[in-house]
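Report on the structure
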Amino acid sequence: MEATLLQHPALESVLSDLAAEMAVRTDRGAVATYIPQLGKVDPAKFGIAVALEDGRVISAGDADEPFSIQSVSKVFTLTLALGKVGDALWKRVGREPSGNPFNSIVQLEQERGIPRNPFINAGAIVVSDVLLAGHEPREAIGEILRFIQFLADDDTIYIDRDVAASERATGFRNFALANYMRSFGNLDHAAELALGVYFHHCAIAMSCRQLALVGRFLAFDGRNPVAGHSVVSPGRARRINALMLTCGHYDGSGDFAFRVGIPGKSGVGGGILGIVPGVGSLSVWSPGLNANGNSHLGSIALEKLARTMGWSIFSP
Ligand code: GLU
């Protein structure tokens, strides 16, 4: 795929053309309002960035403006939890697409409190519970934030406390999911504590440029290609990518794989992280969501970008 990139030295102009095209579209989806603080975000925003192996980040639009990454953070909490407990995690969380909305409770009853995968809310709450072991919530939250800052080598990435408080105030379904899992013995801490960690990592804010850098290790066999150090093993990076491809867009995961053809993880803040193995990491932000809760224009922009650049994990 590197050859493809070299044939397209004009990535800058591809991204700026995309940003210009997206700026004038009127079909922008609907900004999430169930977390009241997210409802205040301007739906006209659009940013896109690509982080490459040589350290360059090519970007366009509002790529330097921080936004709430929400569920994109679940990729990084999963990475940390696997580092902490390894494959033991899979006793408590599955690895199958759910085919259900992100906050669904229905499968949990049939499957006795074991969430389908670590990217639906229930699965990510179990991951938060794992990260909480032996820590105060404040310490676990600090560990997650520092890991993310380390990945981007940028300590300006922060937690938006207003978003975390807003989600806590209205997070009735997440409290229901957590308590329900606790009733099956799949939550070691009180719902309040596990959700304290969960709400805060969902409220991490950063720009498209920063997000592309945070996710870059997944495009390069688990390595930071510039500093050269390993974040996770190549096998673990491949598995996280596999989960992003199959489960990263909730009940729209199949559609994203079909249209875009790369591993991706979305969040209700309108961000998407995409991984093109061996080439780079992509991030896009457009706050309006489609019916599955994934960024409407963000998905369209990634589909166009992947097609223009010939990026797909299904072609050499
Ligand atoms: N914090 C959000 C929630 O729990 C995350 C959902 C998402 O980004 O998909 O509802």
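Residues numbered from 1 in each chain as written. Predicted model: local features only at pLDDT ≥ 70, side-chain atom pairs only at ≥ 80, totals over all residues. Heavy atoms only, no water.

1. With respect to the overall build of the protein
Note the following rule: Put simply, DSSP marks the helices as runs of H or I at least four residues long and the strands as runs of E at least two long, and each gets a number from the N terminus on. For each residue, the accessible area found with a 1.4 Å probe, counting protein chains only, is set against the maximum for its type, and the residue is called buried under 20%, exposed over 50%, and partly exposed in between. Here, residues are in contact when the closest pair of their heavy atoms is within 4.5 Å. Here, Shrake-Rupley sampling with a 1.4 Å probe gives the accessible areas, and only protein chains in the shown set may cover a residue. Here the positive residues are Lys and Arg and the negative ones are Asp and Glu; neither His nor the chain ends is included. Just so you know, the charge point we use is NZ for Lys, CZ for Arg, CG for Asp and CD for Glu.
The helix and strand tally for the protein stands at 13 helices and ten strands. With respect to the principal axes defined by its C-alpha atoms, the protein has extents near 55 × 40 × 35 Å. Across the 316 residues in the protein, those meeting the buried criterion constitute 58%. Counted over contacts in the protein with a minimum sequence separation of 6, partners at least 24 positions apart contribute 69%. In the form shown here, the protein has an accessible surface area of approximately 12400 Å², with 53% of it arising from carbon and sulfur atoms. Counting 28 positive and 31 negative side-chain charges, the protein places the averaged centre of each group 5 Å from the other.

2. Concerning the packing of helix H3 (residues 73-85) against helix H6 (residues 137-152)
For the record, the criterion: Every axis corresponds to a line fitted to the C-alpha atoms, with the helix fit spanning only the stretch in contact, and the corresponding angles, defined between N-to-C directions, vary from 0 to 180 degrees. Small angles under 35 degrees read as roughly parallel and large ones over 145 as roughly antiparallel, with 65 to 115 read as roughly perpendicular and the rest as oblique. The classification used treats Ala, Val, Leu, Ile, Met, Phe, Trp, Tyr, Cys and Pro as nonpolar, Asp, Glu, Lys and Arg as charged, and all other residues, Gly among them, as polar.
Where H3 contacts H6, the axes come no closer than 10 Å and their chain directions differ by 105°. The orientation of H3 with respect to H6, classified from their angle, is roughly perpendicular. Of the residues in H6, those touching H3 at Phe76, Thr77, Thr79 and Leu80 are Glu143, Ile144, Phe147, Ile148 and Leu151. Residue classes in the contact of H3 with H6 are distributed as six nonpolar, two polar and one charged.

3. Quick word on the site of the ligand
The following threshold applies: By convention in these notes, a residue is near a molecule or strand provided one of its non-hydrogen atoms lies within 4 Å of it. Each polar contact in these results corresponds to two N or O atoms within 3.5 Å; when the atoms are within protein, one needs to be able to donate a hydrogen and the other to accept it, and residues that are neighboring in sequence are counted only if both atoms are side-chain atoms.
Near the ligand, the surroundings consist of Tyr34, Gln70, Ser71, Phe102, Asn121, Glu167, Asn174, Tyr198, Cys202, Tyr250, Gly267 and Val268. One of the side-chain nitrogen or oxygen atoms of Tyr198 is found 2.5 Å away from an oxygen atom of the ligand. Surface burial for the ligand is 99%, taken as the share of its 290 Å² of free accessible area covered by protein chains. A class-by-class count of the residues in the shell around the ligand yields six nonpolar, five polar and one charged.

4. Let's talk about the nonpolar core
In summary, soluble globular proteins display a tendency toward joint burial of nonpolar side chains. The condition that has to hold: The nonpolar core is taken to be a set of buried Ala, Val, Leu, Ile, Met, Phe, Trp, Tyr and Cys residues, with the residues joined through side-chain atoms within 4.5 Å.
Core analysis: the largest hydrophobic core is formed by 79 residues, its most contacted members being Phe76, Ile125 and Ile204. Counting 28 residues, the second-largest nonpolar core is a separate cluster that includes Ala19, Val279, Leu282 and Leu297.

5. Description of the sheet that holds strand S4 (residues 67-68)
Note the following rule: Criterion used throughout: strands pair if DSSP finds at least two bridges between them.
The strand order S4-S6-S5 describes an open sheet built from three strands, whose pairing is antiparallel. Among the strands making up the open sheet, the edge pair consists of S4 and strand S5 (158-159). Here two bridges tie S5 to strand S6 (residues 204-206), and the two strands are oriented antiparallel to one another. Opposite Ile159, over in S6, you have Ile204 as the bridge partner. Here helix H10 (residues 208-215) sits on the sheet in contact with S4 and S6, set at roughly 110° to S6.

6. A closer look at the pairing of strand S8 (residues 271-276)
When you tally the buried positions in S8, you get six out of six residues, the bulk of the element. Residues Gly271, Leu273 and Ile275 point to one face of S8 and Ile272, Gly274 and Val276 to the other, with burial holding for every one of them. Relative to S8, strand S7 (residues 264-266) runs antiparallel, the two sharing three bridges. Looking across to S8, one finds that Lys265 is bridged to Leu273. Between S7 and the antiparallel strand that follows it, S8, lie four residues; Gly270 among them carries a positive phi value of about 95°. As paired strands, S8 and strand S9 (residues 280-285) are joined by six bridges and run antiparallel to one another. Within S9, the residue paired with Ile275 across the bridge is Ser281.

7. A short note on the confidence of the model for the protein
Basically, it comes down to this: Scored from 0 to 100, pLDDT reflects the predictor's confidence in each residue.
For the protein, per-residue confidence averages 95 on the pLDDT scale, and 97% of positions sit at 70 or higher. Low pLDDT, under 50, characterises residues 1-8; the stretch is placed with 19 contacts to residues that sit more than four places away or in other chains.

8. Regarding H6
Under the convention used in this document: To estimate how far a helix should reach, multiply one less than its number of residues by 1.5 Å.
Relative to the 22 Å expected for 16 residues at 1.5 Å per residue, H6 spans 23 Å between its end C-alpha atoms, a close match to the ideal helical length. Here H6 has its buried residues at Ala140, Ile141, Gly142, Ile144, Leu145, Phe147, Ile148, Gln149, Leu151 and Ala152. Looking at the buried positions of H6, the neighbouring elements they touch are H3, helix H5 (121-132), S5, helix H9 (191-202), S6 and H10.

9. Observations regarding the environment of Leu211
Position of Leu211 among the secondary structure elements: in helix H10. With 53 residues separating them along the chain, Leu211 and Gly264 place their C-alpha atoms 12 Å apart. Sequence-distant contacts of Leu211, defined by excluding residues within four places in its chain, comprise Phe67, Val72, Phe76, Met206, Ile272, Leu273 and Ser283.

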